[in-house]
Amino acid sequence: MKTENMTYEELLKYKLALDSSSESIFITAPNGIITYINPAFTDLYGYTPDEIVGKHTPIILKGEKSSKLYKKFWKNIVEGMADKSEYMNKTKDGKILIIESTTNPFLNEENQCLGFICVQRDVTDRKDRDEEYSYLISELTVSRDMIETNLFQTNELIEQLSETQEALEKTNSEKDNFFSIIAHDLKNPLGNFRNVTELLSDSYADFSEKDRIEFIGLMNDSAKNIYALLENLLEWSRSQRGQIPFQPLLFNLKMMSIDIFKLMKPSADAKNIELINHIPVNYEINADLNMINTVIRNLISNAIKFTPNGGMIELGLKNINDNKIMTEECIYIRDNGLGMNKEMCNKLFRIDTNVTTPGTNAEKGTGLGLILCKEFIEKHGGKIWVESEEGKGSTFYFTIPKSIK
């Protein structure tokens, strides 16, 4: 495998692993020329990178072993075999050290040696060498899992880092835009609430009882919008910080949906919308009850906003199977409301966009509820999507795998 196939995280972990390792590490080209040393190597041998990079490995060898053994070592490395040995090495100032050394070759896809990495530990004063040697092998194995061949292609690494930086900048930009959207969605109902209370405070006696009741209704609508937004925002925040436990269990979906319909009935009745429940009696699913409750409530609440007076909203199941074996549950919420074009559909479930279309009775809303739905469904390993056509309504689907860990 080549460096361009490595992910940024792998490259970064490799660089951090080498630079921060307490073990002395150096890397060579196939001919034994040293191409890299880590800070621990400098601490152990006293050589700086400028003094040793470009030199042959014998610069640190005391020469206690025979040339025959070194030839065997190089033969093993070139043929792709690891070498684990103990050597008598010397530092820059001539101090002799007993070194535990583990050397592994880098091989390309044709098993050709591209060089090797050597991890060394000073065991001069260590008595319990067997235990520490096992630890060294374990550490080396972890490090080697993160290291791939062609480590010296720095141009590819810089390109990976640049792409990652762009991705991070995009993520930060999306987050900034998201919080701007939240601030905007809070500002509108709070501004309305402030304006109405200011009118009542300054000119209460000038208004008729009918006007006052209308103002109170407006204040109540603003308070409901603020509360719903803050409730979703707090729930989303808890989800982002991992403070919502994921607790799947077997529960009756029909009973849950009946409770949700009771909760939503006043809002539906206000627009003469019929709520139809197609979930079979005693139908059970294995999922997190609270999360699925939140998802269905949000989707039905949205459907009520965008369905006209006298409309209809349905909750039901869609059959999805793989070779006639049910692999996941698929639940849908369908309305015959305003519907959406493809561009609007593509903006849903994203934190970097805001869909501000008012409801059929000018209801205010925010896309935060849909973002929360996406978070919760993905925690189950499922997916959520929408099918919609302007003037013909929308159908939201979400799936829950049959087997949830």
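Residues numbered from 1 in each chain as written. Predicted model: local features only at pLDDT ≥ 70, side-chain atom pairs only at ≥ 80, totals over all residues. Heavy atoms only, no water.

Caption draft 1: Layout of the environment of Arg 121. Topologically, Arg 121 is positioned in strand E5 (residues 113-122). Sequence spacing of Arg 121 and Phe 41 is 80 residues, and the spatial spacing of their C-alpha atoms is 9.6 Å. (Helix = DSSP H or I, 4+ residues; strand = E, 2+ residues; numbered from the N terminus.)

Caption draft 2: Looking closely at the sheet that holds strand E3 (residues 83-90). Strands sit in the order E2-E1-E5-E4-E3 across an open sheet of 5 strands; the sheet is antiparallel. Every interior strand has two partners, whereas the edge strands, strand E2 (34-37) and E3, have only one. Across the sheet, the axes of successive neighbouring strands diverge by a mean angle of 30 degrees, strand direction being ignored. Two elements, strand E1 (residues 24-28) and E2, share 3 bridges in a ladder whose sense is antiparallel. Across the sheet, Ile 27 pairs through a bridge with Tyr 36, a residue of E2. (Pairing = 2+ DSSP bridges. Axes fitted to C-alpha atoms, helices over the stretch in contact; angles between N-to-C directions.)

Caption draft 3: Expanded view of unusual backbone geometry. Residues other than glycine seldom take positive phi values, yet Asn 272 does so here, at roughly 55 degrees. Here Asn 272 lies in the loop between helix H8 (253-270) and strand E7 (274-277). Exposure remark for Asn 272: the relative accessible area of 60% places this residue in the exposed category. (Buried < 20%, exposed > 50% of the residue type's maximum accessible area, 1.4 Å probe, protein only.)

Caption draft 4: A look at the packing of H8 against helix H9 (residues 289-305). Interaxial distance between H8 and H9 falls to 10 Å at its minimum, and their mutual angle equals 35 degrees. For H8 against H9, the interelement crossing comes out right-handed. Between H8, through Leu 253, Met 256, Ile 260, Phe 261, Leu 263, Met 264, Ser 267 and Ala 268, and H9, the contact on the second element is made entirely by Leu 289, Ile 292, Asn 293, Ile 296, Arg 297, Ile 300, Ser 301 and Ile 304. (Left-handed = near helix turned anticlockwise from the far one by under 90°. Contact = heavy atoms within 4.5 Å.)

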